Amino acid sequence: MLSPRYPAAVVAGNVETSQAVTDTLFGALGALASAQGTMNNLTFGNARCQYYETICSGAPADPASNGASGVHTHMTNSRLTDPEVLESRFPVVLEDFHIRRGSGGRGRWHAGDGTMRKLRFRERMDLALLSGHRRVPNFGMEGGEVGELGRNFVERKGGRVEDIEGCAQTVLEAGEAIVIVTPTGGGWGKPS
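Before going into details, it helps to say that this report is about the structure given with it. (Residues numbered from 1 in each chain as written. Predicted model: local features only at pLDDT ≥ 70, side-chain atom pairs only at ≥ 80, totals over all residues. Heavy atoms only, no water.)

Glancing now at the pairing of strand S2 (residues 50-54). In terms of strand pairing, strand S1 (residues 41-45) meets S2 through 5 bridges, oriented antiparallel. Across the sheet, residue Leu42 finds its bridge partner in S2, namely Glu53. Counted between consecutive antiparallel strands, the loop separating S1 from S2 contains 4 residues. (Pairing = 2+ DSSP bridges. Helix = DSSP H or I, 4+ residues; strand = E, 2+ residues; numbered from the N terminus.)

Once that is clear, we can look at the environment of Phe121. Locating Phe121 in the fold gives a position in strand S4 (residues 115-121). Judged by its relative accessible area of 1%, Phe121 falls in the buried class. A C-alpha to C-alpha distance of 16 Å links Phe121 and Arg160, two positions 39 residues apart in sequence. Those residues in contact with Phe121, other than ones at most four positions away along the chain, are Phe44, Pro91, Val92, Leu127, Leu172, Glu173, Ala174, Gly175, Glu176 and Ile178. (Buried < 20%, exposed > 50% of the residue type's maximum accessible area, 1.4 Å probe, protein only. Contact = heavy atoms within 4.5 Å.)

If you walk through the whole model with that rule in mind, you get 13 salt bridges. Between Arg117 and Glu53 there is a salt bridge, with the nearest N and O atoms lying 2.7 Å from each other. Of the two residues, Arg117 is situated in strand S4 and Glu53 in strand S2; the sequence distance between them amounts to 64 residues. When sorted by exposure, Arg117 lands in the same class as Glu53, which is buried. For Glu176, the salt bridge goes to Arg156, with nearest N and O atoms at 2.9 Å. (Salt bridge = Lys/Arg side-chain N within 4 Å of Asp/Glu carboxyl O.)

Right, let's get into a nonpolar patch on the surface. There is a patch of nonpolar side chains on the surface, built from Met1, Leu2 and Leu25 and spanning about 370 Å² of accessible area. Position of Leu25 among the secondary structure elements: in helix H1 (residues 13-28). (Patch = residues over 30% accessible without salt bridge, like charges linked within 9 Å, V, L, I, M, F, W, Y side chains within 5 Å. Areas by Shrake-Rupley, 256 points an atom, 1.4 Å probe, with all protein chains shown as cover.)

Those residues of H1 that fall on the buried side of the exposure criterion are Val15, Glu16, Gln19, Thr22, Asp23 and Gly27. In the stretch just after H1, Gly30 is the one whose phi turns positive, near 70°.

Before going further, it helps to spend a moment on the sheet that holds strand S7 (residues 161-164). If you trace the 5 strands from one edge of the open sheet to the other, you get S3-S4-S9-S6-S7, paired in antiparallel fashion. With partners counted over all chains shown, the strands left at the sheet margins are strand S3 (92-99) and S7, one partner each. Each neighbouring strand pair of the sheet contributes to a mean axis angle of 15°, computed without reference to strand direction. When S4 meets strand S9 (residues 177-181), the two strands line up antiparallel, connected through 5 bridges. Its bridge partner being in S9, Lys118 is matched across the sheet by Val179. (Axes fitted to C-alpha atoms, helices over the stretch in contact; angles between N-to-C directions.)

This next bit is on the packing of aromatic side chains. Counting across every chain of the model gives 4 aromatic pairs. A ring pair is formed by Phe44 and Tyr51, whose centres lie 5.2 Å apart and whose planes are at 40°; its orientation type is tilted. Ring plane angle 85° and centroid distance 5.0 Å describe the contact between Phe44 and Phe121, whose orientation is recorded as edge-to-face. Here Phe44 is found in strand S1, whereas its partner Phe121 is found in strand S4, with 77 residues between them in sequence. Phe121 shares its class with Phe44; the two are buried. Members of the aromatic cluster, each reached through a chain of ring pairs, are Phe44, Tyr51, Phe90 and Phe121. Lying over the aromatic face of Phe97, Arg117 brings its terminal NZ or CZ to 4.6 Å of the ring centre. (Phe/Tyr/Trp six-rings, centres within 6.5 Å; stacked < 30°, edge-to-face > 60°. Lys NZ or Arg CZ within 6 Å of the ring centre and 35° of its normal.)

A separate point is the environment of Ser69. Looking at the element boundaries, Ser69 is found in the loop between S2 and helix H2 (83-89). Each C-alpha atom, one on Ser69 and one on Trp188, is 15 Å from the other, the two residues being 119 residues apart in sequence. For Ser69, the residues in contact, after removing those within four places along its chain, are Ser57, Gly58, Ile99, Gly112 and Asp113. From its side chain, Ser69 meets the backbone nitrogen of Asp113 in a polar contact 2.9 Å long. (Polar contact = N/O pair within 3.5 Å; in protein donor to acceptor, adjacent residues only side chain to side chain.)

Shown next, in the form of structure tokens:
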């Protein structure tokens, strides 16, 4: 179905392209509104340790029901590392991880709500993000509204907030934090 030719970008086919293809197929068949459309891939590490996670959002709305909040869809329903394990094995503090109530695309049936995750580093770390839907919202169906855009930003020392792109690499010093706000899927049917 996809046949990319050089110099087309082909990285992240498993975690990012698969999301776009699945949303496109479900949308074309009229089965589901768009999901979050990304896996929100976060990696960090230094010479001593490395870590990789994907961050959930919400499921899309369909013709008969609301989407679930705070889950992965289409690619995997992988589970995040428990906070106690994460903090004991890596020099990070999970300061916040919550469902953003009311963030899913509106409609007769609403998309599931997205999440916000904040990690503060206790050591200097290289960090990379591969995430989508920071500029283009996810579609709704049959008059359902689009989902909210995602956002990534770093809280630097001294209180400065630095927005970073969906695909980005940066260094965080001890005391700095990364915040990932996941995009949400679209609603189904005109809101009442």
